Every structure is written in C-alpha cells, then in structure tokens.
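Here are the chains, one letter per residue:
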Amino acid sequence: MSTPPLAGAGMPPGAFSGTQAQAAREVNTASLCRIGQETVQDIVFRTMEIFQLLRNMQLPNGVTYHTGTYQDRLGKLQEHLRQLSILFRKLRLVYDKCNENCAGLDPVPIEQLIPYVEEDGSKHDDRGAASQLRFASEERREIMEVNKVIKLKLTSVK
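This report concerns the structure included in the present document. (Residues numbered from 1 in each chain as written. Predicted model: local features only at pLDDT ≥ 70, side-chain atom pairs only at ≥ 80, totals over all residues. Heavy atoms only, no water.)

### As for the nonpolar core
Here is step 1 of the chain: Counting seven residues, the largest nonpolar core consists of I43, I50, L53, M57, L77, L84 and L87.
Here is step 2 of the chain: For this core, the secondary-structure elements that each account for two or more residues are α2 (29–56) and α3 (67–101).
Here is step 3 of the chain: The residues touching L87, leaving out its near neighbours within four places in the chain, are T39, D42, I43 and R46. (Core = buried A, V, L, I, M, F, W, Y, C linked by side-chain atoms within 4.5 Å. Buried < 20%, exposed > 50% of the residue type's maximum accessible area, 1.4 Å probe, protein only. Helix = DSSP H or I, 4+ residues; strand = E, 2+ residues; numbered from the N terminus. Contact = heavy atoms within 4.5 Å.)

### Regarding α2
Here is step 1 of the chain: Given a rise of 1.5 Å per residue, 28 residues ought to cover 40 Å, and the 40 Å separating the end C-alpha atoms of α2 matches this to within 8%.
Here is step 2 of the chain: Here α2 has its buried residues at L32, I35, G36, E38, T39, D42, I43, I50 and L53.
Here is step 3 of the chain: Taken together, the buried residues of α2 touch α3.
Here is step 4 of the chain: With a side-chain oxygen lying 3.2 Å from the backbone nitrogen of A30, the N-terminal cap of α2 falls on N28. (Expected span 1.5 Å × (residues − 1). Polar contact = N/O pair within 3.5 Å; in protein donor to acceptor, adjacent residues only side chain to side chain.)

### Focus on α3
Every α-helical turn comprises 3.6 residues, leaving residues that sit three or four positions apart pointing alike.
Here is step 1 of the chain: Between its first and last C-alpha, α3 extends 51 Å over 35 residues, near the 51 Å set by a 1.5 Å rise per residue.
Here is step 2 of the chain: Where α3 is concerned, the buried positions are L77, H80, L84, L87, V94 and C98.
Here is step 3 of the chain: Considering only its buried residues, α3 is in contact with α2.

### Looking at the packing of α2 against α3
Here is step 1 of the chain: Taken N-terminus to C-terminus, the directions of α2 and α3 make an angle of 160°; their axes are 9 Å apart at the nearest point. Relative to α3, α2 is oriented roughly antiparallel. Between α2 and α3 the crossing geometry is left-handed.
Here is step 2 of the chain: In terms of residue class, the contact of α2 with α3 is made up of 16 nonpolar, eight polar and seven charged. (Axes fitted to C-alpha atoms, helices over the stretch in contact; angles between N-to-C directions. Parallel < 35°, antiparallel > 145°, perpendicular 65-115°, else oblique. Left-handed = near helix turned anticlockwise from the far one by under 90°. Nonpolar A, V, L, I, M, F, W, Y, C, P; charged D, E, K, R; others polar.)

Scope: geometric values only; no functional claims are made or implied.
Below you can see the structure in the form of structure tokens.
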C-alpha cells in the first residue's frame, strides 16, 4: 500500500507555481489521517513479514547451512528493516502535520465525550429520562417507517 508523497518530493524547488505549492503544502487533515492509517497498515504488514523471515531463519548453532540462502534471507531482512524505518519516519511526518493542522482547535475534555448519569442528580431527573426515552422510541418508530417506505420504493423500481 504505497502512498504518494505529501509534497513534491524529488522535484526542484521552483517546479510548482505559487498557488500549486500552497495547495500541495495544505493537505486536508482527513486525508492525512487516511495516509497515516495506510502507513500504520504498511508497518504492521512489514513487521509481520520480518517475523516470518525470522521464524524461517535458522540460528547459527553449528549446523551446516547454505551461505547463499543465509545471505539472501539476511538481505531481505535488512531491506524490510530499512523500509520499516522509512515508514516510521513517514508516520512521524504525518503525525506532526496533523498536530500542526489541529493546533488552533480547542481541546474537548474527555469527561465531556463520555455520557454518564450522576448518582445524586438522578432522583429529580426521572421525569426527564422518561420523556427522553419516549422521544427516542418515537424517533426510532419514525426511522423504521421511513426505512419501510424506502424499501417499498426500491422494490417497486426493480
């Protein structure tokens, strides 16, 4: 899963015009996250290949071993390790760029992301919880009705 370089890697500095260079440097954060995800998948894949190579290599315990085979496997192992190092550097660049893009955002405390009910306030919130439950069930019924209508329309189109 090879991904294209983030900016014009390997190109001379004047290869882009001003607006194209600006657009190449300002990559969408969601795209960066996707690239980071693919890079992590590549890292996992390469690591699995390294473990596979290590599992198939014999330890030097005095047993006669073909030098050519050993050198070939050692070369593959070194190449995988070099590629893994490159992938980790690429992941670090993506991570730094994402942090740079998100630096101006206000962080949301983790406590606000997790809904919970406090014990001391639950006694007077019983009515509110019941009304929320009714509202949620009505909303669910409406969604189910819309789904039925959509299914009917889809089957009539066929």
